Amino acid sequence: MFFKICPVIFLLNISESFYRRIICGKNPAPIWVLKKLFDYDPNLSKVAYNKEIYFTARNTKDILPKAINPQLAYYIGYLHGDGHVSKSSKKVSFTEKYLKQIALIKKLTKIIFNVTGSVYTKKSIIGNSYYVLDIRRVTINSFFSEIMGIRRGRRESNSIPPIIKENKELLKWYLCGLFDAEGAMPLHPKN
């Protein structure tokens, strides 16, 4: 296959062979290359979403969702409740008192992003144990912060992504995730 030398390789400061490996699908596209390509030509997103493309920040291959489905809407709702997008851009974390719920979020992470996070136990200041799920991926952190608009670091408030807010089915799943993270039913409602 013959490739015409593209002026993009000069703008990105990458080698022609690296560019060819990305275009042929032999190498996953590093997220920094993708960002610069979209700056160069915003219409490339249409091409990218017509194929299954893997993204990477290092040697691992992650899948980024092309559309928001009920699973991702639930995941975002849960992230807004008990999740954290790190300020360092290196990970996304969830904390939860119940192991079954953390196992569900870990399973969804594998389904949605093709990534397995790590679960470990921590103790709070008052001595209660809780579980943490860490997903150490720059690509997933970037997806949530730059594409979904979730602020990195400490959040004062959450903003429902417009695509979820406008679709009743997705909004229902988002609210289910948010409720599973933050909601509670009182034992004695009258009190």
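Now for a look at the structure at hand. As the structure is a prediction and not an experimental result, all values here were calculated from the model.

**Some words on the side chain of Ser93**
Thought 1: Locating Ser93 in the fold gives a position in strand β5 (residues 92-96).
Thought 2: Reaching out from Ser93, the side chain makes a polar contact with the side chain of Asp134 at a distance of 2.5 Å.
Thought 3: Sequence-distant contacts of Ser93, defined by excluding residues within four places in its chain, comprise Leu79, Asp82, Gly83, His84, Leu133 and Asp134.

**Quick look at helix α9 (residues 168-182)**
Thought 1: Here α9 contains 15 residues, and its C-alpha end-to-end distance of 20 Å stays within 8% of the 21 Å for a straight helix at 1.5 Å per residue.
Thought 2: Those residues of α9 not exposed but buried are Leu170, Tyr174, Gly177 and Ala181. Down the axis of α9, the sector holding all buried residues measures 60°, keeping them to one side.
Thought 3: The inward-facing, buried residues of α9 abut α5 (70-82) and α8 (162-165).
Thought 4: Between the side-chain oxygen at the start of α9 and the backbone nitrogen of Glu169 there is a gap of 3.0 Å, and the oxygen is on Asn167.

**What about the packing of aromatic side chains?**
Thought 1: A complete count under the given rule lists 8 aromatic pairs for this structure.
Thought 2: Look at Tyr75 and Phe94: their rings are 5.3 Å apart centre to centre, the planes differ by 75°, and that puts the pair in the edge-to-face class. One end of the pair, Tyr75, is in helix α5; the other, Phe94, is in strand β5, with 19 residues separating them in the sequence. Of the two residues, Tyr75 and Phe94, both sit in the buried class.
Thought 3: With centroids separated by 5.9 Å and ring planes inclined at 10°, the aromatic side chains of Tyr75 and Phe144 adopt a geometry described as stacked.

**Side note on the sheet that holds β5**
Thought 1: Here 4 strands make up an open sheet; going across it, the order is β4-β5-β7-β6 and the pairing antiparallel. Strands with a single pairing partner mark the edges of an open sheet, and in this sheet they are β4 (83-85) and β6 (118-123). For this sheet the average axis-to-axis angle between neighbouring strands, irrespective of direction, equals 25°.
Thought 2: By the bridge criterion, 5 bridges tie β5 to strand β7 (residues 129-135) in an arrangement that is antiparallel. Bridge pairing links Thr95 to Val132 in β7.
Thought 3: The sheet contacts of α5 involve β4, β5 and β7, and relative to β5 the element is tilted by about 70°.

**Considerations on the environment of His84**
Thought 1: Mapped onto the elements, His84 comes out in strand β4.
Thought 2: Placed 67 residues apart in sequence, His84 and Arg151 show a C-alpha to C-alpha distance of 9.1 Å.
Thought 3: Those residues in contact with His84, other than ones at most four positions away along the chain, are Leu79, Lys91, Val92, Ser93, Gly153, Arg154 and Arg155.

**Some thoughts on the pairing of β7**
Thought 1: Pairing of β6 with β7 involves 6 bridges; the strand directions are antiparallel. If you follow Val119 over to β7, its bridge partner there is Leu133.
Thought 2: Once β6 ends, the chain turns through 5 residues before running back antiparallel as β7, passing Gly127 with a positive phi of about 95°.

**As for helix α6 (residues 99-113)**
Thought 1: Its 15 residues give α6 an end-to-end C-alpha distance of 21 Å, which sits within 8% of 21 Å, the value for a rise of 1.5 Å per residue.
Thought 2: Along α6, the residues that are buried comprise Gln101, Ile102, Ile105, Leu108, Thr109, Ile112 and Phe113. In an axial view of α6, the angular spread of the buried residues amounts to 120°, which keeps them on one side of the axis. Of the residues in α6, the exposed ones pointing more than 90 degrees away from the buried face are Lys100 and Lys107.
Thought 3: A positive phi of about 65° marks Asn114, the residue just after α6.

**Overview of the nonpolar core**
Thought 1: Ranked by internal contacts, the top residues of the largest apolar core, which has 30 residues, are Leu72, Tyr75, Ile76, Phe94, Ile105, Phe113 and Phe144.
Thought 2: When residues of this core are traced back to their parent elements, those giving at least two are α5, β5, α6, β7, α7 (138-147) and α9.
Thought 3: Ranked by residue count, the leading element in this core is α5, at 7 residues.
Thought 4: Filtering out sequence-adjacent residues up to four positions away, Phe94 remains in contact with Tyr75, Tyr78, Leu79, Asp82, Gly83, Ile102, Ile105, Tyr131, Val132, Leu133 and Ile135.
Thought 5: Within the second largest apolar cluster, 7 residues are counted, among which are Ile14, Tyr19, Ile22 and Ala29.

How each quantity is defined
- Residues numbered from 1 in each chain as written.
- Predicted model: local features only at pLDDT ≥ 70, side-chain atom pairs only at ≥ 80, totals over all residues.
- Heavy atoms only, no water.
- Helix = DSSP H or I, 4+ residues; strand = E, 2+ residues; numbered from the N terminus.
- Polar contact = N/O pair within 3.5 Å; in protein donor to acceptor, adjacent residues only side chain to side chain.
- Contact = heavy atoms within 4.5 Å.
- Expected span 1.5 Å × (residues − 1).
- Buried < 20%, exposed > 50% of the residue type's maximum accessible area, 1.4 Å probe, protein only.
- Arc of directions from axis to C-beta.
- Phe/Tyr/Trp six-rings, centres within 6.5 Å; stacked < 30°, edge-to-face > 60°.
- Pairing = 2+ DSSP bridges.
- Axes fitted to C-alpha atoms, helices over the stretch in contact; angles between N-to-C directions.
- Core = buried A, V, L, I, M, F, W, Y, C linked by side-chain atoms within 4.5 Å.

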